[in-house]
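Listed below, chain by chain, are the residues.
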Amino acid sequence: MDHFSNPKNMGELRDANGIGEVGNPRCGDLMTVYVKIKEGVVEDISFKTLGCVAAIATSDMICEMARGKKIEDTLNITFQDLVDELGSLPSIKVHCADLAQKGLKKAIDDYQKEK
Amino acid sequence: MKITNKKMKNKKRIYLDNASTTKTDKSVLREMIPYFEKKYGNPSSIHSFGQEARIAIDDSREKIANFLNCNPEEVVFTGSATEANNIFIQGILDLHKNSHVITSAIEHDSVLETVKNSGADYTVLSVDKDGFIDPEELKREVKEETVLISIMYANNEIGTIEPIEKISKIIEKLNQKKERRIYFHTDAVQAAGYLDCNIKKLKVDGLTMSGHKIYGPKGIGVLYKKNDIKINPIIFGGGQENGIRSGTYNTPSIVGMAKAVDLIKEKRKKKETEDLRDYLIKEVLKIEDSFLNGPEKERLPNNANFSFRGVEGESIVMFLDQRNISLSTGSACSSRTLEPSHVLRAIGLDNLQAHSSVRVSLGRDTTKKDLDYFIQNIKEAVKKLRKISGR
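Remember, predicted model here, so these are calculated numbers, not experimental data. (Residues numbered from 1 in each chain as written. Chains lettered and ligands numbered in written order. Predicted model: local features only at pLDDT ≥ 70, side-chain atom pairs only at ≥ 80, totals over all residues. Heavy atoms only, no water.)

### What to know about the sheet that holds strand β8 (residues 221-225) of chain B
Residues and elements named next belong to chain B.
1) Next: Overall, mixed pairing links the seven strands, which are arranged β2-β8-β7-β6-β5-β3-β4 in an open sheet. Across the chains shown, the open sheet's two edge strands, defined by having one partner strand only, are β2 (75-78) and β4 (121-125). Across this sheet, the average inter-strand angle for adjacent strands is 20°, counted without regard to direction.
2) Next: Examined bridge by bridge, strand β7 (residues 206-210) and β8 share five bridges and lie antiparallel to one another. Bridging from a neighbouring strand, Leu207 pairs with Tyr224 of β8.
3) Next: Running at roughly 165° to strand β5 (residues 146-150), helix α5 (residues 81-95) makes contact with β2, β3 (100-104), β5, β6 (183-187), β7 and β8 of the sheet. (Pairing = 2+ DSSP bridges. Helix = DSSP H or I, 4+ residues; strand = E, 2+ residues; numbered from the N terminus. Axes fitted to C-alpha atoms, helices over the stretch in contact; angles between N-to-C directions. Contact = heavy atoms within 4.5 Å.)

Printed below as a string of structure tokens:
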């Protein structure tokens, strides 16, 4: 709940070198993940999310989980890890965690392409 | 979660979800209690326990008949409004095989799904941007096989009041030319608390009401069914309610329903509610990029429905819940599915706009002070959530 009420990682990252935009038009969630990668490590990460409570909370959580990690390690974060870390997520909202994970992956792909 | 519960105890909770359900009026509850504790007999029994319960059922039926301006025999008690809609629609369609039904795109699921699953041929009428059906379109869609038209009296999400009397007149005329007559049903669940439900005026053949939307108990509905109309039962058993709805009489709830109906005229405060609603709409629309869904006029006195660019309705609901304000997204059922509301889609909103909506439904106890607290907090919610979404 705290990740929804007081997200710490929201907003655009000015010096991002990878951006991932994902969306699920059916449930109305749109998510953008910004990463700043230096020497293979996610130095900073932030998000912008239009969505429900779960989408906002999982966006914030994935930022917490990925910050400071090596690229390879962040790609290993599964939506199940996110759900576990948040405590619980109603089954109908598990796709939100999936979306956050895809957003991160897309941002990293974007960085790797740029490189 | 424990912390939240503690907070709730200390703070006043503001309930703005009266279209989902209302509280049970104290005097309704008082009226019901003896039928749990002392007069618990089965109304179908011939002993004195049964007979005192039977009298209560008869009195209740009469009270509701007075409200509807119909005969007591035309009042059928059901287990819910959903059940009442099912009994009438399925009952007609089961009797008239190979027939055609017309309904609207903004009906409650208990009408729409019943029609769609009935096996009958059906037409779903579109609505305009405010949710009104077009009576001319209705005329055009009538076929020789059409036996049933079901159009709701007032919409639960956007408050649109459909022109029921006008539609009845059209159907009356059509019936003069048709071999198979059309039966006209209306779902008046949301309307009953505020609008005129005089059957002689509405001239409908079937009408549905619910207890828990009018400060009565949950688990009770009423179906008005015109005397000369035959329908096949869909629930079989002991043959209660003239064989239309078998099942032991729910005496306490029937008594409660009648009391709730009795209180409507005295307690509904239609004009005051409309004034409060208009004040609310005026203030909320001061938020940048906010929109009112549904009509400005011909709208339920207690309903307002808004969309806000760049935020999701569910997030607003959860944000406000933390401030002890309860309201709902487009419709209360919507949290269970991810699909945007079929009503908001029907009035032309795209997926994103439909997802960005909340419904505020006022009640008898809602004060201007409650609304001011709500307005202040929804402004904060939208501002904060737009910051998160960057839109």
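### Some points on the sheet that holds strand β13 (residues 357-361) of chain B
Residues and elements named next belong to chain B.
1) Next: Pairing is antiparallel across the open sheet formed by four strands, whose spatial order is β9-β10-β13-β12. The sheet is open, and its two borders are formed by β9 (290-292) and β12 (328-329), each paired with just one other strand.
2) Next: Relative to the sheet, helix α11 (residues 270-284) contacts β9, β10 (303-308) and β13, its axis offset from that of β10 by approximately 10°.

### Thoughts on the domain arrangement of chain B
Residue and element names in this part refer to chain B.
1) Next: Entries for chain B in the domain assignment read domain 1 (6-16 + 269-388) and domain 2 (26-266).
2) Next: Put simply, the middle of domain 1 and the middle of domain 2, counted by C-alpha atoms, are 29 Å apart.
3) Next: Domain 1 puts 25 residues into the contact, and the matching count from domain 2 is 27 residues.
4) Next: Both faces considered, domain 1 and domain 2 share a buried interface measuring about 2100 Å² in area, 57% of it formed by carbon and sulfur atoms.
5) Next: Taken together, the links from domain 1 to domain 2 amount to zero salt bridges.
6) Next: For the side of domain 1 that touches domain 2, the secondary structure elements donating two or more residues are α11, β10 and α13 (342-346).
7) Next: Sorting elements by how many residues they give to the side of domain 1 that touches domain 2 places α13 first, with four residues.
8) Next: Tallied by class, the residues present in the side of domain 1 that touches domain 2 amount to eight nonpolar, eleven polar and six charged. (Domains from an automatic or database assignment. Buried area = accessible area lost by both parts, 1.4 Å probe. Salt bridge = Lys/Arg side-chain N within 4 Å of Asp/Glu carboxyl O. Nonpolar A, V, L, I, M, F, W, Y, C, P; charged D, E, K, R; others polar.)

### A look at the packing of helix α2 (residues 53-66) of chain A against helix α4 (residues 79-86) of chain A
Relative orientation and spacing of two packed helices are given, respectively, by the angle between their axes and the distance between those axes.
All names here are of chain A.
1) Next: The geometry of α2 relative to α4 is characterised by a closest axis approach of 10 Å and an angle of 100° between their N-to-C directions. By the angle between their axes, α2 is roughly perpendicular relative to α4. Mapping the contact onto sequence places Ala57, Thr58, Met61, Ile62 and Met65 in α2 and Asp81, Leu82, Glu85 and Leu86 in α4.
2) Next: Class assignment for the residues of the contact of α2 with α4 results in six nonpolar, one polar and two charged. (Parallel < 35°, antiparallel > 145°, perpendicular 65-115°, else oblique.)

### Notes on helix α15 (residues 368-389) of chain B
All names here are of chain B.
1) Next: Compared with the 32 Å implied by 1.5 Å per residue over 22 residues, the 31 Å span of α15 between its first and last C-alpha is a close match.
2) Next: Residues of α15 that are buried include every one of Asp370, Leu371, Phe374, Ile375, Asn377, Ile378, Ala381, Val382, Leu385, Arg386, Ile388 and Ser389, and no others.
3) Next: With its phi angle positive at about 65°, Gly390 sits one or two positions after the end of α15. (Expected span 1.5 Å × (residues − 1). Buried < 20%, exposed > 50% of the residue type's maximum accessible area, 1.4 Å probe, protein only.)

### What to know about the interface of chain B and chain A
1) Next: Contacts between chain B and chain A engage 24 residues on the former and 23 residues on the latter.
2) Next: Taken together, both faces of the contact between chain B and chain A bury some 2000 Å²; the carbon and sulfur share is 60%.
3) Next: Counting every contact that joins chain B to chain A gives one salt bridge.
4) Next: Only α12 (313-321), α14 (351-355) and α15 of chain B provide two or more residues apiece to the side of chain B that touches chain A.
5) Next: No other element matches α15(B), which puts five residues into the side of chain B that touches chain A.
6) Next: Grouping the constituent residues of the side of chain B that touches chain A by class yields eight nonpolar, nine polar and seven charged.

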